[in-house]
Amino acid sequence: MTKKRIRIPAVPVAEDAKAEEVAALSICSQARSKWLEATTLQELEDVIALYQQALNAKKTGVDIKKESKKRFSGQIMNTRTQADQYAALSPKDYRKAGERLSLLYLQSGRPHKAQPGLHFLGFTCRLAEHVLNYPVHARTNAMVKRNKSNKSKGKSKKKKNAPPCCILDDFLTASEFAHLQSVFVDPKAAYWTDHNYKIDPPSPYFSHVLNLSKHKQGFLGKLIHKVAKCPKLLQKFPQLKQARYVEMWAHNRPHASGHQLHFDSDDEGKGGVRNPIISTILYLSTSPNIGGPSLITNQRLTSTKLASKGWLAHSQLSRLVAFDGQVLHGVVPGKGVPSSSQRRVTLMMAFWKDIQVQPGNTPGSARPWPIIAKGQSQMTPPSWAADLSRNDVDVIANDNSYRPFDGIELNHVYEHLDGRAWDEQDPMPEYDQVCQGF
């Protein structure tokens, strides 16, 4: 008896490479949307499957099984040439999808699954697993490097190892917190719609500059001066006394949305990087640990090595984080699924000795604060600016009722792809060899 041959119908393919690329990009878009809205771990597994599907999508006539064996057997290929010969996605989109899939693996305790793909993409190091798969409980962490012996090693050693950040819990009073929430928490509030704020793809950066000598009244003016005159911050950052301007911006992000590591700079670094004295973050989410923690490192623009230390600060109600304006920092995407439907809402203020105000009424960096000029009484400021300028919301001056917190100190920030710490003996890699995953 002869076996009947079963003919497996061919999977329909797009008529041309462009259509195949569009189809694969659509899968990536679906994966990202599902990720940002995920409420169960199974939905995150579905996201992983979608990214795998997009990465495996091929151009017509290519043996993807053969190529996949090459990809994950350690045979490195140039992503701009060989990968381009068979992948439906462009090299840029392929790399982006690969990074996001690796992030999902790393945040769910599967670094061994992330390693082959990152190796194939040409990365030599990545953010450490204890950064991306961060500890959930902000005040307990096995990865904290306590350095208890530093107390007996002299002031110079202590100063050298001092963190570049200061964290103060309960900085805002209940009324201050509630008023800031009324302006920033609703993603459909005027502040966001007036600036066409979007997450994916992200909207262009926008901020406003206020002169400290001219903005002492109103809710926002008093809040800014509360930060600028905080004794703990002045003790940590003496140069804060020289601040003459404050740049203000905010974010309202879903749990899984992060912010790449970057240096704060005047006008986004155009014409050269110029850093503020300090930058600060106020956390405005009522549920703790919505979104990932802020990551502050000891790496500066002049550094010849990658950061050797890092500090994590979770999103906590009324928490203030202040850090040296010259250090590399960012926001780790929230891992797993959020504990509530809330978003990660933050208000940032950078204090400058000098900053160039950029003219214009459209959203952009360092725009002038919207106020009514003399002779223009018929004009009214945006509703969000009017709310922040109200005089009927009290701001309580510093009364030392806040609680200092050291943050979660990490003994290393980066790792080799196999999980070994990237230490000071390792060379500075090229930018595109370091995987952040977001």
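None of the values given here were measured: they were computed from a predicted structure.

(A) The overall build of the protein chain, seen in detail. Along the backbone of the protein chain there are 12 helices and 16 strands. Per-residue burial over the protein chain gives 49% buried out of 438 residues. If you take every contact in the protein chain between residues at least 6 apart in sequence, the share linking residues at least 24 apart comes to 81%. Counting every atom, the protein chain has about 22,500 Å² of accessible surface; 52% of that belongs to carbon and sulfur.

(B) Structural context of the confidence of the model for the protein chain. Predicted confidence across the protein chain gives a mean pLDDT of 86, with 83% of residues reaching 70 or more. With pLDDT under 50 throughout, residues 67-82 is counted as low confidence; its partners more than four residues away or in other chains account for 27 contacts. Contacts of residues 139-157 to residues separated by more than four positions or lying in other chains number 20 contacts, the stretch itself having pLDDT below 50.

(C) A look at the nonpolar core. With 52 residues, the main nonpolar core has Trp35, Tyr51, Tyr94, Leu127, Leu295 and Tyr414 as its most contacted residues. Within the residue set of this core, elements represented by two or more residues are α1 (17-37), α2 (41-56), α4 (91-107), α5 (111-120), β1 (125-127), α6 (129-132), β14 (408-410) and β16 (434-435). Once you skip the residues sitting within four places of it in the chain, Tyr51 turns out to touch Cys28, Ala31, Arg32, Trp35, Ala97, Arg100, Leu101 and Leu104.

(D) Structural context of the packing of aromatic side chains. A full pass over the atoms with the stated rule returns 12 aromatic pairs. Centre to centre, the rings of Tyr191 and Trp192 are 4.8 Å apart; their planes meet at 85°, and the pair counts as edge-to-face. Judged on exposure class, the residue Tyr191 and its partner Trp192 are both buried. With centroids separated by 5.7 Å and ring planes inclined at 55°, the aromatic side chains of Tyr191 and Phe206 adopt a geometry described as tilted. Residue Tyr191 is found in helix α9 (residues 190-194), and its partner Phe206 is found in the loop between α9 and β3 (208-211); the two are separated by 15 residues along the sequence. Accessibility assignment for this pair places Tyr191 and Phe206 in one class, buried. Taken together through their ring pairs, the aromatic side chains of Phe184, Tyr191, Trp192, Tyr197, Phe206, Trp369 and Trp384 make up a single cluster. The cationic tip of Arg32 hangs over the ring face of Trp35; the distance from NZ or CZ to the ring centre is 4.9 Å. If you follow Lys335 out to its NZ or CZ, it ends over the ring of Tyr134, 5.3 Å from the centre.

(E) The sheet that holds strand β15 (residues 414-416), seen in detail. Pairing in this open sheet of three strands is mixed, and the strands run β15-β1-β16 from one edge to the other. The strands lining the two open edges of the sheet, one partner per strand, are β15 and β16. Where β1 meets β16, two bridges bridge the pair, whose relative direction is parallel. From the neighbouring strand, Arg126 faces β16, where its bridge partner is Cys435.

(F) Structural detail: the environment of Ser365. Along the chain, Ser365 falls in the loop between β11 (344-352) and β12 (367-368). Once the C-alpha coordinates of Ser365 and His208 are considered, the two residues, 157 residues apart in sequence, prove to be 6.9 Å apart.

(G) Expanded view of the pairing of β3. With burial as the criterion, each face of β3 is covered, one bearing His208 and Leu210 and the other bearing Val209 and Asn211. Sheet topology note: the β3/strand β4 (residues 245-253) ladder contains four bridges and is antiparallel. From the neighbouring strand, Asn211 faces β4, where its bridge partner is Tyr245. Judged from the two bridges that link them, β3 and β12 form a sheet pairing that is parallel. Looking across to β12, one finds that Val209 is bridged to Pro368.

(H) Local environment of the pattern of salt bridges. Within this structure, the stated rule accounts for 14 salt bridges. Ionic pairing is found between Glu409 and Lys309, a salt bridge with its closest N-O pair at 3.7 Å. In this pair, Glu409 sits in strand β14 while Lys309 sits in the loop between β7 (294-300) and β8 (310-313), placing the two residues 100 residues apart along the sequence. As far as burial versus exposure is concerned, Glu409 and Lys309 are alike and both buried. The network of salt bridges with shared partners includes Asp169, Asp170, Arg319 and Arg403.

Rules used in this analysis
- Residues numbered from 1 in each chain as written.
- Predicted model: local features only at pLDDT ≥ 70, side-chain atom pairs only at ≥ 80, totals over all residues.
- Heavy atoms only, no water.
- Helix = DSSP H or I, 4+ residues; strand = E, 2+ residues; numbered from the N terminus.
- Buried < 20%, exposed > 50% of the residue type's maximum accessible area, 1.4 Å probe, protein only.
- Contact = heavy atoms within 4.5 Å.
- Areas by Shrake-Rupley, 256 points an atom, 1.4 Å probe, with all protein chains shown as cover.
- pLDDT = per-residue confidence, 0-100.
- Core = buried A, V, L, I, M, F, W, Y, C linked by side-chain atoms within 4.5 Å.
- Phe/Tyr/Trp six-rings, centres within 6.5 Å; stacked < 30°, edge-to-face > 60°.
- Lys NZ or Arg CZ within 6 Å of the ring centre and 35° of its normal.
- Pairing = 2+ DSSP bridges.
- Salt bridge = Lys/Arg side-chain N within 4 Å of Asp/Glu carboxyl O.

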